[in-house]
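Fold and geometry: a report
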Amino acid sequence: MPDERIKNEKQYQTLLEIGYSKENAARIANMPDVVEKGGNAKPYEEWTKDELYQQARKIGVEGRSYMNKNNLIKSLRSNT
């Protein structure tokens, strides 16, 4: 992404190496709440639907407004 700075370059490179697209890797590496350390983030199943929706919005999941909680979780997991 030429004009955009990557906030977490190490994570970005790792995501590229395991097969993520440049766009998805950049989205993930630039998300501020993805960098929680030590696996302390609560699992998606414990998030509210609104929290899941906002996270999906941040990473650009299409069709999110039509999704139920389970579909939001599936979409978030497949995009990260």
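The rules behind these values
Numbering of residues starts from 1 in each chain and follows the order in which that chain's sequence is written. Per-residue local features are limited, in this predicted model, to residues with pLDDT of at least 70; the limit for side-chain atom pairs, both in listing and counting, is 80 or more; totals at the level of whole chains, interfaces and linings are taken over all residues. Excluding hydrogens and water, the side-chain values take into account all heavy atoms of the structure. Salt bridges are counted wherever a side-chain nitrogen of Lys or Arg sits within 4 Å of a carboxyl oxygen of Asp or Glu. Numbering of helices and strands starts at the N terminus; helices are DSSP runs of H or I of at least 4 residues and strands are runs of E of at least 2. Here's how the labels work: a residue is buried when its accessible area is under 20% of the maximum for its type, exposed when over 50%, partly exposed in between, all with a 1.4 Å probe on protein chains only.

On to the pattern of salt bridges, then. Taken as a whole, this structure holds two salt bridges when the rule is applied. Arg 27 is the partner of Glu 23 in a salt bridge, and the nearest nitrogen-oxygen pair spans 2.4 Å. On the criterion of helical spacing, the pair formed by Glu 23 and Arg 27 is a turn pair, its members being four residues apart in helix 2 (residues 22-29). For Glu 23, a relative accessible area of 45% puts it in the partly exposed group. For Glu 45, the salt bridge is made with Arg 77, and the minimal N-O distance between the two is 3.0 Å. Pair noted here: Glu 45 is in the loop between helix 2 and helix 3 (49-59) and Arg 77 is in helix 4 (residues 69-79), with a separation of 32 residues, a long-range link. Exposure remark for Glu 45: the relative accessible area of 44% places this residue in the partly exposed category.

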